[in-house]
Amino acid sequence: MRNLPRILIVEDEPAIAELIAVNLRHNGFQPIWAMDGVTAQKELDDVLPDVILLDWMLPGESGLMLSKKWRSNPRTKEIPIIMLTARSEESDRVAGLDSGADDYIVKPFSTKELLARVRAVLRRRKPQQSGGRIQLNDLILDADTHRVTFQEQPLKLGPTEFKLLQYFMTHKERVHSRGQLLDRVWGDHVFIEERTVDVHVKRLREALGAAGAMVETVRGAGYRLTEMVSVQSPQSEH
Ligand code: CA
């Protein structure tokens, strides 16, 4: 029997934890329930899970504090964390993402959405494909030849803009905070200011021309690459 992905649920409300666990179990996951940070830490010291579902409001250490703690620990820093939160304020979302969470779900959530997000972070965790061709709308990035085309016209991108676009295209439809982009596109360059991200996103948009509309600014949160915009062809602008 193959190993089922282990999902650690850190949630103090038994009814919610049970609902999540039942749904995970029925969909081929192995849920483990911890009702607070101390219990969760014991689980982590024992066997590492594949994903952590982390409630924000917990007795003792908050989800936010736990997320920061696990992100700064080499043993746990790679584990995807999805925050479960009743808070939907923009500043809270930013705080959640900045604490190192990969994603967040606002309560009340549908179990279908929860499962989709769990699958998504598991997919993202798979080793980054270094090569290959990615297509979104008419935008094509070929990592092997380092070429980007839009509606079959080649685009000129600087090396950072290329990496940024590659990251966006392999993690589309998801909001990335500036801090996350710095970590994942630039690496751990703590001395680079977050403003740098804005500069390169601006350059990327300019280089993409009409397709630049796909790079969305999510106010107060960061940036997202989306397929769900109508991209005008350059011809129709004439
Ligand atoms: Ca709670």
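Cut-off values and rules
Residues numbered from 1 in each chain as written. Predicted model: local features only at pLDDT ≥ 70, side-chain atom pairs only at ≥ 80, totals over all residues. Heavy atoms only, no water. Buried < 20%, exposed > 50% of the residue type's maximum accessible area, 1.4 Å probe, protein only. Helix = DSSP H or I, 4+ residues; strand = E, 2+ residues; numbered from the N terminus. Arc of directions from axis to C-beta. Contact = heavy atoms within 4.5 Å. Polar contact = N/O pair within 3.5 Å; in protein donor to acceptor, adjacent residues only side chain to side chain. Core = buried A, V, L, I, M, F, W, Y, C linked by side-chain atoms within 4.5 Å. Axes fitted to C-alpha atoms, helices over the stretch in contact; angles between N-to-C directions. Parallel < 35°, antiparallel > 145°, perpendicular 65-115°, else oblique.

A. How the structure looks around helix H2 (residues 37-46). All of the buried residues in H2 are Gly37, Ala40 and Leu44. Buried residues in H2, looked at end-on, bunch into an arc of 60°, giving them a common side. Opposite the buried face of H2, by more than 90 degrees, sit the exposed residues Val38, Lys42, Asp45 and Asp46. Looking at the buried side of H2, the elements it contacts are strand S1 (6-10), strand S2 (30-34), strand S3 (51-55) and helix H3 (63-71). With a side-chain oxygen positioned 3.3 Å from the backbone nitrogen of valine 38, the residue opening H2 is aspartate 36.

B. Representation of the environment of alanine 21. Relative to the elements of secondary structure, alanine 21 occurs in helix H1 (residues 14-26). In this structure alanine 21 comes out as buried when scored by relative accessible area, which is 7%. Along the primary structure alanine 21 and isoleucine 7 are separated by 14 residues, whereas in three dimensions their C-alpha atoms are 8.8 Å apart. When near neighbours in sequence (up to four residues on either side) are disregarded, alanine 21 contacts Ile9 and Pro31.

C. Structural view of the nonpolar core. Residues Leu139 and Leu165 are the most contacted members of the largest nonpolar core, which totals 27 residues. For this core, the secondary-structure elements that each account for two or more residues are strand S6 (133-136), strand S7 (139-142), strand S8 (147-150), helix H6 (159-170), helix H7 (178-186), helix H8 (195-208) and strand S11 (222-225). Examining the composition of this core, we find that six residues originate from one element, H6, more than from any other. Setting aside anything within four residues of it in sequence, one finds leucine 139 in contact with Ile134, Val148, Thr149, Phe150, Leu155, Leu165, Met169, Leu208, Ala211 and Met214. Counting residues in each nonpolar core, the second largest holds 19 residues, with Leu8, Leu44, Leu54 and Trp70 among its members.

D. Broad picture of the packing of H6 against H7. At their nearest, the axes of H6 and H7 sit 10 Å apart, and the two run at 110° to each other. Between H6 and H7, the angle falls in the class roughly perpendicular. Contacts from Thr160, Lys163, Leu164, Tyr167 and Phe168 of H6 reach H7 at Leu181, Arg184, Val185 and Trp186.

E. A look at H7. Restricting attention to buried positions, one finds in H7 the residues Gly179, Gln180, Leu181, Leu182, Val185 and Trp186. Buried-residue contacts for H7 involve helix H4 (90-98), H6, H8 and S11.

F. Quick peek at the side chain of serine 67. Within the fold, serine 67 resides in helix H3. For serine 67, a relative accessible area of 0% corresponds to the buried category. Those residues within four positions of serine 67 in sequence are excluded, and the remaining contacts are Leu54, Ile81, Met83, Ser99, Gly100 and Ala101.

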